[in-house]
Amino acid sequence: MTGQSRSRGGAEPRGAGRQCRSRRPQPAHPEGRAGSGRGSLPGQGVRRGGFSLLLLNLEEYYFEQHGANHILHKGSHHERKIRGSLKICSKSVIFEPDAISQPIIKIPLRDCITIGKHGENGANRHFTKAKSGGISLIFSQVYFIKEHNVVAPYKIERGKMEYVFELDVPGKVEDVVETLLQLHRASCLDKLGDQTAMITAILQSRLARTSFDKNRFQNISERLHMECKAEMVTPLVTNPGHVCITDTNLYFQPLNGYPKPVVQITLQDVRRIYKRRHGLMPLGLEVFCTEDDLCSDIYLKFYEPQDRDDLYFYIATYLEHHVAEHTAESYMLQWQRGHLSNYQYLLHLNNLADRSCNDLSQYPVFPWIIHDYSSSELDLSNPGTFRDLSKPVGALNKERLERLLTRYQEMPEPKFMYGSHYSSPGYVLFYLVRIAPEYMLCLQNGRFDNADRMFNSVAETWKNCLDGATDFKELIPEFYGDDVSFLVNSLKLDLGKRQGGQMVDDVELPPWASSPEDFLQKSKDALESNYVSEHLHEWIDLIFGYKQKGSDAVGAHNVFHPLTYEGGVDLNSIQDPDEKVAMLTQILEFGQTPKQLFVTPHPRRITPKFKSLSQTSSYNASMADSPGEESFEDLTEESKTLAWNNITKLQLHEQYKIHKEAVTGITVSRNGSSVFTTSQDSTLKMFSKESKMLQRSISFSNMALSSCLLLPGDATVISSSWDNNVYFYSIAFGRRQDTLMGHDDAVSKICWHDNRLYSASWDSTVKVWSGVPAEMSGTKRHHFDLLAELEHDVSVDTISLNAASTLLVSGTKEGTVNIWDLTTATLMHQIPCHSGIVCDTAFSPDSRHVLSTGADGCLNVIDVQTGMLISSMTSDQPQRCFVWDGNSVLSGSQSGELLIWDLLGAKISERIQGHTGAVTCIWMNEQCSSIITGGEDRQIIFWKLQY
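Residues numbered from 1 in each chain as written. Predicted model: local features only at pLDDT ≥ 70, side-chain atom pairs only at ≥ 80, totals over all residues. Heavy atoms only, no water.

A. Expanded view of the overall build of the chain. A tally of helices and strands in the chain yields 16 helices and 42 strands. Expressed as a percentage of its 947 residues, the buried residues of the chain come to 60%. For the chain, restricting intrachain contacts to residue pairs at least 6 apart in sequence, the fraction spanning at least 24 positions comes to 58%. Approximately 37,400 Å² of the chain is accessible, and the part contributed by carbon and sulfur atoms is 48%. (Helix = DSSP H or I, 4+ residues; strand = E, 2+ residues; numbered from the N terminus. Buried < 20%, exposed > 50% of the residue type's maximum accessible area, 1.4 Å probe, protein only. Contact = heavy atoms within 4.5 Å. Areas by Shrake-Rupley, 256 points an atom, 1.4 Å probe, with all protein chains shown as cover.)

B. Quick peek at the packing of helix α1 (residues 173-187) against helix α2 (residues 192-208). One can describe the packing of α1 onto α2 by two numbers: an axis separation of 8 Å at closest approach and a directional angle of 150°. Looking at the two axes, α1 sits roughly antiparallel to α2. Of the residues in α2, those touching α1 at T179, Q182, L183, R185, A186 and S187 are Q195, M198, I199, I202 and R206. Considered class by class, the residues forming the contact of α1 with α2 number five nonpolar, four polar and two charged. (Axes fitted to C-alpha atoms, helices over the stretch in contact; angles between N-to-C directions. Parallel < 35°, antiparallel > 145°, perpendicular 65-115°, else oblique. Nonpolar A, V, L, I, M, F, W, Y, C, P; charged D, E, K, R; others polar.)

C. Layout of the side chain of N256. Relative to the assigned elements, N256 resides in the loop between β10 (249-254) and β11 (263-266). On the basis of relative accessibility, which here comes to 14%, the residue N256 falls in the buried class.

D. Looking closely at the pattern of salt bridges. Inspection of the entire model under this criterion finds 29 salt bridges. Of the charged contacts, one joins K87 and E96 as a salt bridge, the two residues approaching to 3.2 Å between their closest N and O atoms. Among the salt bridges present, the one from E897 reaches R911, with a minimum N-O distance of 3.2 Å. Residue E897 is found in the loop between β37 (888-893) and β38 (898-902), and its partner R911 is found in strand β39 (residues 907-912); the two are separated by 14 residues along the sequence. Salt bridges here are not isolated pairs; linked through shared partners, they connect R276, R277, E286, D354 and E566. (Salt bridge = Lys/Arg side-chain N within 4 Å of Asp/Glu carboxyl O.)

E. Inspection of helix α6 (residues 398-410) at higher detail. The end-to-end C-alpha distance of α6, which contains 13 residues, comes to 19 Å, matching closely the 18 Å that a straight helix rising 1.5 Å per residue would cover. Three or more residues of α6 are buried, namely R400, L401, L404, L405 and Y408. Viewed along the axis of α6, the buried residues span an arc of 135°, placing them on a single side of the element. Turned more than 90 degrees away from the buried face of α6 sit E399, R403, Q409 and E410, all of them exposed. In this fold, the buried residues of α6 make contact with α9 (458-467) and α12 (550-555). Here α6 starts with a cap whose side-chain oxygen sits 3.0 Å from the backbone nitrogen of E399, and that cap is N397. (Expected span 1.5 Å × (residues − 1). Arc of directions from axis to C-beta. Polar contact = N/O pair within 3.5 Å; in protein donor to acceptor, adjacent residues only side chain to side chain.)

F. Seen up close, the environment of G446. By secondary structure assignment, the location of G446 is in the loop between α8 (437-443) and α9. Through-space distance from the C-alpha of G446 to that of A152 is 8.2 Å; in sequence the pair is 294 residues apart. Apart from the residues lying within four places of it in its own chain, the contact partners of G446 are P153, Y154 and L441.

G. Representation of the packing of aromatic side chains in the model. Following the criterion strictly, the structure yields 38 aromatic pairs and no others. A centroid spacing of 5.4 Å and a plane angle of 40° characterise the contact between F95 and F165, whose relative ring orientation is tilted. Taken as a pair, F95 in strand β3 (residues 92-97) and F165 in strand β7 (residues 155-167) lie far apart in primary sequence, 70 residues in all. An identical accessibility class is assigned to F95 and F165; each is buried. Summarising the aromatic geometry, the rings of Y143 and Y154 are spaced 6.2 Å apart at their centres and angled 80° between planes, so their arrangement reads as edge-to-face. Of this pair, Y143 sits in strand β6 (residues 134-145) while Y154 sits in the loop between β6 and β7; the two residues are 11 residues apart in sequence, bridging distant segments of the chain. Under the relative-accessibility criterion, Y143 is labelled buried at 17%. If you follow K87 out to its NZ or CZ, it ends over the ring of F51, 4.8 Å from the centre. Its end group placed over the ring of Y427, K473 keeps NZ or CZ at 5.0 Å from the ring centre. (Phe/Tyr/Trp six-rings, centres within 6.5 Å; stacked < 30°, edge-to-face > 60°. Lys NZ or Arg CZ within 6 Å of the ring centre and 35° of its normal.)

H. Region of interest: the pairing of β39. Here β38 runs beside β39; their pairing, made up of five bridges, is antiparallel. The residue of β39 that forms the bridge with L898 is I912. As consecutive antiparallel partners, β38 and β39 are separated by four residues, and within that stretch A906 has a phi angle of approximately 55°, a positive value. (Pairing = 2+ DSSP bridges.)

I. Spatial organisation of helix α13 (residues 577-590). Here α13 contains 14 residues, and its C-alpha end-to-end distance of 20 Å stays within 8% of the 20 Å for a straight helix at 1.5 Å per residue. For α13, every residue scored as buried is listed here: V581, M583, L584, T585, Q586, I587, L588, E589 and F590. For α13, the secondary structure elements touched by its buried residues are α2 and α7 (425-432). Of the residues flanking the start of α13, the one acting as N-cap is D576, its side-chain oxygen 2.8 Å from the backbone nitrogen of D578. Looking one or two residues beyond α13, the residue adopting positive phi is G591, at roughly 100°.

J. Examining the pairing of strand β34 (residues 858-863) more closely. Of all six residues in β34, six are buried, a share of seventy percent or more. Of the pairings in the sheet, the one linking strand β33 (residues 849-854) to β34 comprises five bridges and is antiparallel in character. Within the sheet, the bridge partner assigned to V850 lies in β34 and is I862. Counted along the chain from β33 to the antiparallel partner β34, the turn is three residues long, and its residue G857 has a positive phi close to 85°. With antiparallel pairing between neighbouring strands as the criterion, β34 and strand β35 (residues 869-874) make up a hairpin whose turn holds five residues, including G867 at a positive phi of roughly 75°.

K. Representation of a nonpolar patch on the surface within the structure. On the surface, M703, W722 and W762 cluster together to form a nonpolar patch covering roughly 260 Å² of accessible area. The exposure class assigned to M703 is partly exposed, which follows from its relative accessible area of 34%. (Patch = residues over 30% accessible without salt bridge, like charges linked within 9 Å, V, L, I, M, F, W, Y side chains within 5 Å.)

L. Broad picture of the packing of α2 against α13. As a packed pair, α2 and α13 sit with axes 7 Å apart at the nearest point and diverge in direction by 90°. The pairing of α2 with α13 is recorded here as roughly perpendicular in orientation. Contacts from L192, G193, D194 and T196 of α2 reach α13 at P577, D578 and V581. When the residues that make up the contact of α2 with α13 are grouped by side-chain class, the tally is three nonpolar, two polar and two charged.

Purely geometric stuff here, so don't read any function into it on its own.
Structure (structure tokens):
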């Protein structure tokens, strides 16, 4: 619990602040799931008017209510009664009249002079049961709120006065007075820490005397799993009660029955759950029943981390059988490949980084995108239209940055560059005051901000963020959503008069926006533009990534006050309760940096421009002028898409047992008629697909052959062998044409491209050879020069080239995947990502990702640019070989099955029975329409796709 002051937030850390909860701030009281869709604080759409938890002080609790009459002019001829309900809260008494024309009355307990039964002197005398149901409060200050149901700054009346409230049930008067006296003592303690401790003790005592009402279960057959105390969190307020989870439902029952007797969520509807830091402590749990909503269905804060973890474990275990778990890396893969928009990806990152619409000190943060707020037309094709996403807001103005850096260098430790944060409760409500005025009044002690400091103009706000001495704020998701209400004063609020005399009304939009709807649409278009897609990873590095902390943050001019970072202060180490409350208040007001999600540079998005560049090999580039070739390539792409869309319909067509040991390699002639296979039985075999007959069987030595490939022109087959050699076999002349004795141990895999041979070996090397093709006569031998030797620490079991043969990936027996730049023969990345041998590796068609499979059963996706492991899925059996299109994978399993994986959905889509032993090799043609597998069962199987 924190103190009561509530400044706007944004100055250098000083007092006041406050946790938040449940969706974006909204015009009325939060009731359970508050709002939905792209961004919204809780309570939007709820009946306006009346009591709301937002009328409480920060960190105040609402305990109970009683039907009552407010007696005016008691005992005089003018006596009259106002019907309503009396709310007993931890720091105030609130009377809500039934008639909405009457103001709500709020009397702070610390301003009370005397509390007692009406007609009795002294607040502390022993009461006896009496017929009178009157409670007398004598106080020095009272607030009048929402008179005529108008949201406006609170009216304050000062001076000694007495109010009398007559309870409907006279027998409760004594208990209510005793409760008020106890709470009054707490409110009058000198130290804030002591106040907090006493109120907490009162709350815990109330919770201990009650339990969840099992009559609230949806079904009498429900089995209780656990019950504990917790608080439901909505922005700026928490509501204590009891949490209960059964085999089918999650329940929360508020202690005070507000806003309804019980909140119920069906476990079957849950899609995502997140552990949260709440008040810097690992006590929060947020539950979503939707995949893409900004706002959750319930946010709970527990009193013990173990209770939170137990409940999380139970729901997570339930979800394991129903919903695929998503990590930052799995969302990254979907985003990179265009299956998530920039908006959706930022939303998911915010969620994973502890940002929640229920917590205004950790509200989702979105970037300023547009730099141009003065032109009449918005040109999204001009890079000058956009803000530099590689810099924090504070570093966008060079002159201001120089002043800040001078101060930074002169500052004693701990140093920081910026005296305010890019996201804080005050900033969030600055943007949302028109739809969340009651939140602003709650945060600022019943007042709106100065009219000239309001969110009056988009251009003005951007200019201040560029030039202001202490203004470095970013935006919120609402700027890229569909709801324009935060830009329009539709509630006709009196937000004050500016110095120029004009009233604060709708937000002034830039000239290029014809309406609020047009402004949001163009902002969304900008966020999803090519420029932003190509640069958004730079902003992610600053906010969620490796430039958030340490020397990289210093280099990027991205250093904020140390209290804003996770782990910046250990609250448990602070013994003094006053100091602890003050520290927490300060941190929550000031805003918090998101949890760090990435510690290496974030990969960039694959945009159409980059995709076409990475796919252009020298061959394709030389053919680009030919319309015939282009249309043929288009048809090939269509064929590939069609094939992968129907890959789950793969059917076994024919199978042949042609070897005496496991099949190790498959290659097929360009016309598809001849199939060449290698085996551990040491033979290379040529099989005719038309005649279904074995045509040739060739043996080069008595050692196993490990792989094979056809050279362009289909005249020569190359085989790698465990006898350390690579053999060249002339199909036309039916004889061994050449032998390359290139390694000191078994050759495990070979690749060929553009007259270059790449050979991997158990001697811990990958060698690159230039190969001059033999003459057609078959008499002249190949001539080989060693161009490069890529050295590894252990034996290399597999290699693969990217489409342009500029990159090579290798996998070792100890589980390391290495990515090499072949243009310089240098190692780009070394990723230890398997616990055991790497079975197979391959680049995605666009060369942006590498997929690897291992004996540990893992499928790992690695970003080529950064070397980041961005996705990892596991299977119960090792996947020995695979082909993939960047999104889906067809793998051959140790079990003999073919598995189809949906990488973006993080699931196995299909299992197809095939071999009786492990699938050891797989071949797919360029159109992806023909598939052949080989296995330990010595068979080759021909598969066909059913369209």
